[in-house]
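Close look at the chain arrangement
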Amino acid sequence: FVAKPLFASNVMDEFKEAFKRKNENHPRIQVDLRGRRILLAEDVIINAEIMTMVLAMREMDVELAENGQIAVDMFSEKGEGYYDAILMDMRMPVMDGLEATKAIRAMDRADAKTIPIVALTANAFDEDVQRSMQAGLNAHLSKPVEPDSLFETLESLIK
């Protein structure tokens, strides 16, 4: 039960609690993230440093791209399967995250269609999430990113 008047935060909290209760009976398969290679597309240096430290908590290797074009170039220069996932900031100079994701997904190689690409953005509006998914992103995390949410997302997407 949720008391009226309804507030979005209360409704979201109730959904989260219901989801947790539903998943308590399902054992969570934890993927070992140690040594996984992550391509981080982030133009703000302090944000990149923080994300690198967070990913290092689970012993992941991080390669930084300062904008979307560099991320596309780095992905295309490496062999198939080199990266295990891409964390993509949505607002970057030269090429934004949506354009970069579309460019990666359009590449003629098998892993371009399947590599998990996770949006990192301050925009958490429904239309932003919908645009991200239409561009080929697998998940959408709002900044500041909670480490547990990040790890759960990566564990669910990395094979």
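As a reminder, the structure under discussion sits directly above these lines.
Anyway, here's the lowdown on the structure attached to this text. Fair warning: this is a prediction, and the values are worked out from it, not measured in the lab.

Comments concerning the packing of helix H3 (residues 68-77) against helix H4 (residues 97-105)
Packing of H3 against H4 brings their axes to within 8 Å, and their N-to-C directions diverge by 20°. By the criterion of interaxial angle, the relationship of H3 to H4 is roughly parallel. For the element pair H3 and H4, the recorded crossing hand is right-handed. Contacts from Gly68, Val72 and Phe75 in H3 reach Ala100, Ala103 and Ile104 in H4. A breakdown of the residues in the contact of H3 with H4 according to their chemical character gives 5 nonpolar, 1 polar and no charged.

Details of the sheet that holds strand S3 (residues 85-89)
Taken together, the 5 strands give an open sheet; going across it, the order is S2-S1-S3-S4-S5, and neighbouring strands pair in parallel fashion. Strands with a single pairing partner mark the edges of an open sheet, and in this sheet they are strand S2 (61-65) and strand S5 (139-142). On average, adjacent strands in this sheet sit at an angle of 20° to one another, irrespective of strand direction. As paired strands, strand S4 (residues 117-121) and S5 are joined by 4 bridges and run parallel to one another. Bridging from a neighbouring strand, valine 118 pairs with alanine 139 of S5. The strands that helix H2 (residues 45-56) touches are strand S1 (37-41), S2, S3 and S4; relative to S1, the one it contacts most, it runs at about 160°. Docked against the sheet, helix H7 (residues 147-157) engages S3, S4 and S5, running at close to 170° with respect to S5.

Some words on the environment of methionine 57
When you line up the elements, methionine 57 lands in the loop between H2 and S2. By relative accessible area, methionine 57 is classed as exposed at 56%. With 94 residues separating them along the chain, methionine 57 and phenylalanine 151 place their C-alpha atoms 10.0 Å apart.

Criteria and thresholds
Residues numbered from 1 in each chain as written. Predicted model: local features only at pLDDT ≥ 70, side-chain atom pairs only at ≥ 80, totals over all residues. Heavy atoms only, no water. Axes fitted to C-alpha atoms, helices over the stretch in contact; angles between N-to-C directions. Helix = DSSP H or I, 4+ residues; strand = E, 2+ residues; numbered from the N terminus. Parallel < 35°, antiparallel > 145°, perpendicular 65-115°, else oblique. Left-handed = near helix turned anticlockwise from the far one by under 90°. Contact = heavy atoms within 4.5 Å. Nonpolar A, V, L, I, M, F, W, Y, C, P; charged D, E, K, R; others polar. Pairing = 2+ DSSP bridges. Buried < 20%, exposed > 50% of the residue type's maximum accessible area, 1.4 Å probe, protein only.

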